[in-house]
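What follows is the residue order along each chain.
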Amino acid sequence: MVDFGAQYAQLIARRVREAHVYSEIVPHTITAAEVHARAPAALILSGGPRSVHVEGAPILDPEVYRTGVPMFGICYGAQLVVQQLGGEVAPTGRGEYGRTPMRVVGGSPLFADLPVEQDVWMSHFDSIVAGPEGFRVVASTEESPAAAIEDPERRIYGVQFHPEVAHTARGQEVLKHFLYDVAGCRPAWTMTSIIERSVVAIREQVGGERVICGLSGGVDSAVAAALVQKAVGDQLTCVFVDTGLLRAGEAEQVEETFRGQFSVDLVHAKAGDRFLEALDDVIDPERKRKAIGTTFIRVFEEVARDLDDARFLVQGTLYPDIIESGTADAARIKSHHNVGGLPEDMDFELVEPLRNLFKDEVRAVGEELGLPEDIVWRQPFPGPGLAVRIVGTVTPERLEVLRAADAIVTEEVKRAGLYRELWQSFAVLPAVRTVGVMGDERSYAYPIVIRAVTSDDAMTADWARLPYEVLERLSSRIINEVPGVNRVALDITSKPPGTIEWE
Ligand code: XMP
């Protein structure tokens with residue numbers, strides 16, 4: 001999937017994977033030589049925010065059109081194909097936005113078995129006026145006489161509409177037709193194949209050496225550990241670092257699940273004091289992350305020393321972390337991932353079996369591997385833990401306040417049956433105190449902010465519309481049960497402009 005800055009880049013990649021075909025997002029600067037080297041079965045050119053007529057608008061290396069790889073342009077991608085291959089794209093003065101009736105006019109494999117009349121989702125200003133030589137029109141709308149075009153000889157296709165969005169009801173079928181019938185892909189990207197490939201890759205990478213895996217109890221590290229365990233069995237030791245920044249009952253739960261149920265070789269490193277020391281008087285969020293990241297690695301290094309100097313460290317890095325770096329360059333990807341604060345002088349070689357997967361795929365792999373539902377469907381929790389939810393200095397007292405409030409949020413969200421549909425729901429402790437009246441006395445205490453969001457991948461998120469009854473219970477329970485809190489507020493900020501965490 002060649003990305004021209006599309007809003008839907010990830011969505012397209014995901015749709016391809018939903019068709020059980022493996023896909024990766026690559027930048028539009030990819031060259032024909034790189035295409036040859038990677039030998040994809042097909043290229044999809046994404047949409048993008050620019051007009052092909054704007055100076056500096058992203059283009060594709062023209063040589064890529066001569067690689068013979070089947071191509072499918074979507075919106076901007078289709079217009080670019082037309083422009084680069086000698087057709088005409090023009091601002092028509094009237095764009096098309098939203099649901100648009102389309103008529104299929106030729107017997108294109110893209111629309112095989114699909115109705116002649118169908119609604120598609122449009123979002124464009126420029127239009128294809130004339131296809132390049134060798135192309136023919138295979139669908140039209142009122143404003144776009146060339147809403148879909150094809151050159152069956154060169155196997156290059158283009159659609160003006162967005163097949164990847166749910167509003168284009170038959171869009172997934174169009175995409176599948178391109179993948180299976182035009183490009184000859186087979187629906188072979190399944191959870192089983194993902195697991196098999198990972199296992200082979202992990203064995204190749206680590207050989208007979210010892211491996212350690214930081215296990216947090218969250219889904220990513222649990223699935224990464226389970227894969228590595230499957231691949232190299234007793235070469236793996238999991239390390240659970242109790243940072244002292246965890247939620248109520250978390251350490252016990254991890255022990256019970258991984259040591260108890262799964263008989264994992266688990267080292268429980270109790271490092272709460274060291275993390276608190278590293279965070280002493282640290283207010284700046286970036287410094288906090290750096291301090292925490294460094295302390296994590298130092299603890300891992302100490303554990304590794306006792307395990308034949310284990311050189312490999314397993315991490316649960318996901319594909320969105322890589323996409324966010326905006327490049328296919330591996331070095332950049334790592335530094336992006338390390339924004340959380342891994343130190344530069346780190347000797348470990350990373351093992352990242354989930355680096356090609358989206359969160360929902362990781363969850364599916366976890367289910368396939370037989371991990372329990374309460375781990376697979378756990379809401380994400382950041383490595384720096386409660387420290388990035390305490391604005392200002394992190395102290396044992398403030399941790400205690402937040403931990404108690406957070407436990408109530410989780411309990412009530414679960415009780416209301418909302419835990420799985422929310423991406424995350426938690427409490428935040430700001431660095432202010434406000435005046436209240438409790439039991440006829442003046443109080444001067446902290447507020448707790450409730451943060452609950454819905455999201456598909458954490459790249460964007462919306463604030464969750466929690467039912468009033470849930471909010472009411474949260475408010476009264478937190479104030480009644482958590483000493484030091486006299487006010488409860490609700491964060492109603494989406495991402496962007498906010499982020500999910502407060503720091
Ligand atoms: P933000 O706050 O950037 O977070 O919207 C996006 C997602 O990432 C999680 N997060 C982290 N996870 N280490 C992690 O393992 C981190 O340093 C970190 N920072 C944020 C956050 O909980 C959300 O799911």
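Quick note: structure is the one above.
Counting starts from 1 at the beginning of each chain's written sequence and moves along it residue by residue. Per-residue local features of the predicted model are confined to residues with pLDDT of at least 70, and side-chain atom pairs are confined, for both listing and counting, to 80 or more; whole-chain, interface and lining totals are unaffected and use all residues. Excluded from the side-chain calculation are hydrogens and water; included are all heavy atoms of the structure.

Participant: Help me understand the site of the ligand in this model?
Facilitator: Near is defined per residue: the residue qualifies when any heavy atom it owns lies within 4 Å of the molecule or strand. Taken together, the neighbourhood of the ligand is formed by Arg289, Pro380, Pro382, Gly383, Pro384, Trp423, Gln424, Ala458, Lys495, Thr499, Ile500 and Glu501. We define a polar contact as two N or O atoms separated by no more than 3.5 Å, with the added condition that, inside protein, one atom must be a possible hydrogen donor and the other a possible acceptor, whereas residues neighbouring each other in sequence contribute only through side-chain atom pairs. A distance of 2.5 Å separates an oxygen atom of the ligand from a polar side-chain atom of Glu501. Out of a free accessible area of 490 Å², the ligand has 71% covered by protein chains. Residue burial considers only the protein chains on display, and all accessible areas are found by Shrake-Rupley using a 1.4 Å probe.

Participant: I tried to follow the pattern of salt bridges on my own but got confused; where do I start?
Facilitator: It is possible for side chains of opposite charge to pair when their charged atoms get near one another. Counted as salt bridges are all cases of a side-chain nitrogen of Lys or Arg within 4 Å of a carboxyl oxygen of Asp or Glu. By the definition in use, this model includes 29 salt bridges. Between Arg14 and Asp360 there is a salt bridge, with its nearest N and O atoms 2.9 Å apart. Placement of the pair is Arg14 in helix 1 (residues 9–18) and Asp360 in helix 12 (residues 359–368), with a sequence separation of 346 residues. The classification of residues rests on relative accessible area computed with a 1.4 Å probe and restricted to protein chains. Under 20% of the type maximum is buried, over 50% is exposed, and intermediate values are partly exposed. According to the relative accessible area criterion, Arg14 is buried, its value standing at 12%. Notably, a salt bridge pairs Arg247 with Glu250, separated by 2.5 Å at the nearest N-O pair. Helix and strand assignments follow DSSP, with helices taken as H or I runs no shorter than four residues and strands as E runs no shorter than two, numbered in order from the N terminus.

Participant: How should the sheet that holds strand 13 (residues 312–314) be read in this particular structure?
Facilitator: Adjacent strands of a sheet pair through backbone hydrogen bonds, lying either parallel or antiparallel. When DSSP locates at least two bridges between a pair of strands, those strands are taken to pair. Spatial strand order, 12-11-10-13-14: five strands in an open sheet with parallel pairing. In this open sheet, the two edge strands, each paired with only one partner strand, are strand 12 (266–270) and strand 14 (349–351). Going across the sheet, the axis of each strand differs from the next one's by a mean of 30°, ignoring polarity. Note on contacts: a residue pair qualifies if any of its non-hydrogen atoms lie within 4.5 Å across the two residues. Axes, fitted as lines to C-alpha atoms, cover a helix only where it is in contact. Angles between the N-to-C directions of the axes lie from 0 to 180 degrees. Lying on the sheet, helix 5 (residues 191–206) is in contact with strand 10 (211–214), strand 13 and strand 14; it crosses strand 14 at an angle near 165°.

Participant: Sorry, what's going on with the environment of Gln83 here?
Facilitator: Inspection of the secondary structure puts Gln83 in helix 3 (residues 76–84). Relative accessible area serves as the criterion here: at 32%, Gln83 is assigned to the partly exposed category. For Gln83 and Ile59, which are 24 residues apart along the polypeptide, the C-alpha to C-alpha distance reads 9.7 Å. Sequence-distant contacts of Gln83, that is, excluding residues within four places in its chain, are made with Val52, His53 and Val89.

Everything listed here is a matter of coordinates, which is why it stays silent on function.
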